[in-house]
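Read off the chains here:
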Amino acid sequence: DGHDVYEHWPRIPDKEQTVVDSVSRHVYERLSLRSCLPAGGSSAWMHPQEVLIPTDRLSDELRSALLSDTFLIPNPQMPGFVGAGFKAGGVLLSFLSPAVMRKLLKVTSDEQWELAKAPRPCLREKDWIRSLLEYSTSDRKLDDLVAIPLALTSDGKLRIFGKSRNLFLGGEEERSILSK
């Protein structure tokens with residue numbers, strides 16, 4: 001499962017009562033100065049501040065999409081006690097949230113793409129697009145989807161969500177009428 005990477009990393013005690021208890025916190029402070037977290041599709045060693053730590057556990061589908069691209073998420077997944085260790089050590093980390101995801105996926109053009117030519121590798125598979133859309137809307141901020149290329153239409157094209165163009169979503173009945 002990849003957790004053996006972190007097998008010997010210290011755990012932070014619930015309460016520091018002795019000098020020995022503070023050693024774990026200091027270890028994380030020192031680790032923050034090193035390339036010590038495997039991240040991205042190649043599991044390259046990165047400084048903790050360069051890695052996007054997911055705020056929630058990511059589905060396997062979503063992890064595959066992000067790792068196919070340039071997203072520097074922990075790879076393998078980082079156990080919670082490691083994040084808690086950096087927090088206890090006062091290390092400022094970057095977090096991956098739905099809002100951050102939307103910001104990273106935003107595009108400036110108003111194009112439409114065949115999946116094979118989508119602007120990013122993570123947007124080239126239907127299941128990945130669905131996972132990205134589910135995650136990006138999990139905070140219910142649907143108005144923030146403007147300029148995000150996660151609208152997969154029935155013609156197989158990937159489009160952005162936007163306020164300037166109409167994008168009609170029809171059910172089975174509407175699609176059967178329009179296909180005639």
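Located above this text is the structure these notes cover.
Just so you know, these numbers come straight off a predicted model, no measurement behind them. Residue positions are counted from 1 within each chain, in the order its sequence is given. Owing to the predicted nature of the model, reporting of local features is limited to residues with pLDDT of at least 70; listing and counting of side-chain atom pairs is limited to 80 or more, with chain, interface and lining totals taken over all residues. Hydrogens and water molecules were not included; the side-chain quantities draw on all heavy atoms of the structure.

### Focus: the packing of helix H2 (residues 60-67) against helix H5 (residues 126-136)
And then number 1: Where helices are involved, their axes are fitted lines through C-alpha atoms of the stretch in contact, as for all axes, and angles between N-to-C directions lie from 0 to 180°. Helix and strand assignments follow DSSP, with helices taken as H or I runs no shorter than four residues and strands as E runs no shorter than two, numbered in order from the N terminus. Close contact between H2 and H5 brings their axes to 9 Å; oriented N to C, the two are set at 105 degrees. For the element pair H2 / H5, the angle class is roughly perpendicular. Along its contact with H2, which presents Glu61, Leu62, Ser64, Ala65 and Leu66, the element H5 presents Asp127, Trp128, Ser131, Leu132 and Tyr135.
And then number 2: Residues of the contact of H2 with H5, tallied by class, amount to six nonpolar, two polar and two charged. Angle categories are assigned with fixed cut-offs, so that under 35 degrees is roughly parallel, over 145 is roughly antiparallel, 65 to 115 is roughly perpendicular, and the rest are oblique. In this description, contact between two residues means that some pair of their heavy atoms is separated by no more than 4.5 Å. Residues are sorted three ways: Asp, Glu, Lys and Arg are charged, Ala, Val, Leu, Ile, Met, Phe, Trp, Tyr, Cys and Pro are nonpolar, and all the rest, Gly among them, are polar.

### Topic: a nonpolar patch on the surface
And then number 1: Note that patches include only residues with greater than 30% relative accessible area and no salt bridge, and the join distances are 9 Å for like charges and 5 Å for nonpolar side chains (Val, Leu, Ile, Met, Phe, Trp, Tyr). The method behind every accessible area is Shrake-Rupley, applied with a 1.4 Å probe, and residues are considered shielded solely by the protein chains displayed. Criterion for a salt bridge: a side-chain nitrogen of Lys or Arg within 4 Å of a carboxyl oxygen of Asp or Glu. A grouping of Val20, Val23 and Val27 is seen on the molecular surface, where their side chains present a nonpolar patch of about 240 Å² in accessible area.
And then number 2: Examined against the element boundaries, Val27 turns out to sit in helix H1 (residues 23-31).
And then number 3: The buried label applies to any residue whose accessible area, calculated with a 1.4 Å probe on protein chains only, is under 20% of its type's maximum; exposed applies above 50%, and partly exposed to all values in between. We classify Val27 as partly exposed; its relative accessible area is 31%.

### Digging into the pattern of salt bridges
And then number 1: As enumerated under the stated definition, the model contains nine salt bridges in all.
And then number 2: The shortest N-O distance in the salt bridge between Asp127 and Arg130 comes to 3.4 Å. Highlighted residues: Asp127 and Arg130, both in helix H5, separated by three residues, approximately one helical turn.
And then number 3: Arg130 serves as the salt-bridge partner of Glu134, at 3.8 Å between the closest nitrogen and oxygen. Placement of the pair is Glu134 and Arg130 together in helix H5, with a separation of four residues, close to one helical turn.

### Brief notes about the packing of helix H4 (residues 98-105) against H5
And then number 1: At a minimum axis separation of 8 Å, H4 and H5 run at an interaxial angle of 130 degrees. Comparing the axis directions of H4 and H5 gives the class oblique. Between H4, through Pro98, Met101, Arg102 and Leu105, and H5, the contact on the second element is made entirely by Leu132, Tyr135 and Ser136.
And then number 2: Residues that form the contact of H4 with H5 fall into these classes: five nonpolar, one polar and one charged.

### Quick look at the side chain of Arg159
And then number 1: Examined against the element boundaries, Arg159 turns out to sit in strand S7 (residues 157-159).
And then number 2: Judged by its relative accessible area of 13%, Arg159 falls in the buried class.
And then number 3: Side chain to side chain, Arg159 and Asp155 meet in a polar contact 2.5 Å long. Each polar contact in these results corresponds to two N or O atoms within 3.5 Å; when the atoms are within protein, one needs to be able to donate a hydrogen and the other to accept it, and residues that are neighboring in sequence are counted only if both atoms are side-chain atoms.

### Notes on H5
And then number 1: Trp128, Ile129, Ser131, Leu132, Tyr135 and Ser136 are the residues of H5 that are buried. Mapping the buried residues of H5 onto a view down its axis gives an arc of 165 degrees, with all of them on the same face.
And then number 2: Contacts made by the buried residues of H5 are with H2, strand S4 (94-96), H4, strand S6 (151-152) and S7. Along the arc lie the directions from the helix axis toward the C-beta atoms.

### Quick look at the packing of aromatic side chains
Aromatic ring pairs are defined here through the distance separating the ring centres and the angle between the ring planes.
And then number 1: In this analysis, rings of Phe, Tyr and Trp, with Trp reduced to its six-membered ring, are considered paired at centre separations within 6.5 Å, and the interplanar angle assigns stacked below 30 degrees, edge-to-face beyond 60, and tilted for intermediate values. Evaluated as defined, the whole model comprises four aromatic pairs.
And then number 2: Ring geometry for Tyr6 against Trp9: centres 5.2 Å apart, planes inclined by 70 degrees, an arrangement best described as edge-to-face.
And then number 3: Residue Tyr6 is classed as buried on the basis of its relative accessible area of 1%.
And then number 4: The structure contains a cluster of three or more aromatic residues connected by ring pairs, namely Tyr6, Trp9, Tyr28 and Phe86.
And then number 5: The cationic tip of Arg11 hangs over the ring face of Phe81; the distance from NZ or CZ to the ring centre is 3.7 Å. Distance and angle both matter: a charge sits over a ring if NZ of Lys or CZ of Arg is within 6 Å of the ring centre and within 35 degrees of the ring normal.

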